[in-house]
Amino acid sequence: MTQIIDGNAVAAAIKASVADSLGERELSGRRVGLAVVLVGDDPASAAYVRMKARDCREVGIEPHDYLLPADTSQADLNALIDRLNADDTVQGILVQLPLPAGLDTEQVVARIAPAKDVDGFHPENLGRLLRGLDAPRPCTPAGVMCLLDRAGVQLSGAHAVVVGRSLIVGKPMALLLLERNATVTVCHSRTRDLAEVCRQADVLVAAVGRPKMIGAEHVKPGAVVIDVGINRVTGDDGKSVLVGDVDYDAVAPLATAITPVPGGVGPMTRALLMANTRDAALRQWGLR
Ligand code: NDP
């Protein structure tokens, strides 16, 4: 029987534990604040920002939304980040990516105070991840690690293959798996014979952004398959549907465990953002 890894259930448990820990007496009534900055009116980004504000309220974090016009200058965005870095009511800062053309993402990410970087994308925090030091871990790969743990997957000595090498998913994913003593292979668009490499995986993580690209020919029977992909496609009935990077129907019968889309990794990313914000506040207050 294939285990369907229920990201909604694990994410709910993580959010409940964040809510519990924020209600503890040692915080003496202090409120944690998360600033979410959205530049422009991209509908998908705007929807993510609304969901993050809802998550914040659910766990007892104060959301501070900053909705800026698409023609915001680099100087104005930098000035806002400087203000938020100095704002004692804000313990976490997230700038929704991608930014409109003309704004320098690297400059923005590096300007956020590392202590308030709840996405874990600041160069200092990525360096700390590489060094194995305490720091916010990027939310999506950290969420995948929680799912693997909750599903009871043995990582030490396992061969993990990560398809995708982006800074927000693939690369940190590889480091987190390595930290847990998996033998890690990272694949990308230049990988020769992808299916052959993927078939060696005990744990296969797909983070590509190509609908249903990973098929049965990529999966060793008995593997654990984690689908990070979120792709909006038009279904047979003409309606828009979300599908992953994995061809679920073809792969699920082969896998011992698999994440669905939706309801797998997606809710975990949001839950880990709440946990990272809590942890950032505890570090800033000397409680962690
Ligand atoms: P990127 O576009 O930044 O990276 C995609 C990666 O896939 C690249 O490393 C690219 O290789 C590789 N790739 C592309 N085509 C192929 C191919 N044919 N064979 C092998 N590798 C290939 O995407 P992201 O990492 O940002 O996102 C990946 C997916 O995960 C998307 O569907 C995205 O929507 C989803 N996502 C989901 C999240 C969640 O919360 N569940 C959060 C973040 C992302 P190369 O480097 O050589 O170009």
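Here, residues in each chain are numbered from 1, in the same order as that chain's written sequence. pLDDT decides what is reported in this predicted model: residues at 70 or higher carry local features, side-chain atom pairs at 80 or more are listed and counted, and totals for whole chains, interfaces and linings draw on all residues regardless. Side-chain numbers come from the whole structure's heavy atoms, not from hydrogens or water.

Our next topic: the pattern of salt bridges. By convention in these notes, a salt bridge is any Lys or Arg side-chain nitrogen within 4 Å of a carboxyl oxygen on Asp or Glu. Per the stated rule, a full pass over the model turns up 13 salt bridges. R278 is the salt-bridge partner of D279, the closest N and O atoms lying 2.8 Å from each other. By the burial criterion, D279 is buried, and R278 matches it. For every residue, the accessible area (1.4 Å probe, protein chains only) is compared with the maximum for its type, and the residue is labelled buried under 20%, exposed over 50%, or partly exposed between those bounds.

Any residue with a heavy atom lying within 4 Å of a molecule or strand is counted as near it. Lining the immediate environment of the ligand, one finds 22 residues, of which R165, S166, S189, R210 and T269 sit closest. Pairs of N or O atoms are called polar contacts if they sit within 3.5 Å, as long as, within protein, a hydrogen donor faces a hydrogen acceptor (for residues adjacent in sequence, only side-chain-to-side-chain pairs). R165 has a polar side-chain atom sitting 2.7 Å from an oxygen atom of the ligand. One nitrogen or oxygen atom from the side chain of T269 is found 2.7 Å from an oxygen atom belonging to the ligand. With residues, only the protein chains shown are counted as cover, and all accessible areas are computed by Shrake-Rupley using a 1.4 Å probe. Considering the ligand on its own, with 920 Å² of exposed area, one finds that the protein chains cover 71% of that surface. We count a stretch as a helix when DSSP gives it H or I for four or more residues in a row; a strand needs E for two or more, and each element gets its number in order from the N terminus. The dominant element in the shell around the ligand, judged by the number of residues it contributes, is helix α10 (residues 265-284), at three residues.

L148, L177 and I226 are the most contacted members of the largest nonpolar core, which has 54 residues in total. At 10 residues, α10 tops the list of elements feeding residues into this core. Listed in part, the 18 residues of the second largest apolar core include V161, C198, A201 and V251. Here the nonpolar core consists of buried residues drawn from Ala, Val, Leu, Ile, Met, Phe, Trp, Tyr and Cys, with membership extended through side-chain atoms lying within 4.5 Å.

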